[in-house]
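# Commentary on secondary and tertiary structure
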Amino acid sequence: MKHWNVAAYLRLSKEDGDNIESNSITNQKDIIKQFVDNCPDMTVAEFYIDDGYSGTNFDRPAIKKLMED
């Protein structure tokens, strides 16, 4: 069986007012982890997170890093 290292991209468009990762981002991460845990041929290699960025363009640090990687 082939094994896949996957990237997970998470984004929340509204800042929650502090520097701590928002609950919504944490929930997204948990959902992705649960999904990948049920796929024996997948491992999350890295999480790319843009918390507080609009999705109307690609001027976001984590999406740029994901595209570079």
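These figures come from a predicted structure and were not determined experimentally.

With that settled, the discussion passes to the overall build of the protein. The helix and strand inventory of the protein stands at two helices and two strands. Taken from the N to the C terminus, the helices and strands of the protein come in the order β-α-β-α. Out of the 69 residues belonging to the protein, those deemed buried represent 20%.

Turning to the packing of aromatic side chains, a few remarks are in order. What the rule picks out here adds up to zero aromatic pairs. Of note, Lys2 hangs over the ring of Trp4, and the distance from its end group to the ring centre comes to 5.2 Å. Geometry around Phe47 places Lys29 over its ring, the cationic atom sitting 5.4 Å from the centre.

Looking now at the side chain of Asp50. For Asp50, the location among the structural elements is in strand E2 (residues 42–51). For the buried residue Asp50, which engages in no salt bridge, the nearest side chain bearing the opposite charge is Arg60, 4.7 Å off. A distance of 3.2 Å separates the side chain of Asp50 from the backbone nitrogen of Ile63, its partner in a polar contact. Contacts of Asp50, omitting those with residues within four sequence positions, involve Tyr9, Leu10, Arg11, Leu12, Arg60, Pro61, Ala62 and Ile63.

Criteria and cut-off values
- Residues numbered from 1 in each chain as written.
- Predicted model: local features only at pLDDT ≥ 70, side-chain atom pairs only at ≥ 80, totals over all residues.
- Heavy atoms only, no water.
- Helix = DSSP H or I, 4+ residues; strand = E, 2+ residues; numbered from the N terminus.
- Buried < 20%, exposed > 50% of the residue type's maximum accessible area, 1.4 Å probe, protein only.
- Phe/Tyr/Trp six-rings, centres within 6.5 Å; stacked < 30°, edge-to-face > 60°.
- Lys NZ or Arg CZ within 6 Å of the ring centre and 35° of its normal.
- Lys, Arg positive; Asp, Glu negative; His and termini not counted.
- Salt bridge = Lys/Arg side-chain N within 4 Å of Asp/Glu carboxyl O.
- Polar contact = N/O pair within 3.5 Å; in protein donor to acceptor, adjacent residues only side chain to side chain.
- Contact = heavy atoms within 4.5 Å.

As far as function goes, none of this settles anything; it's purely spatial.
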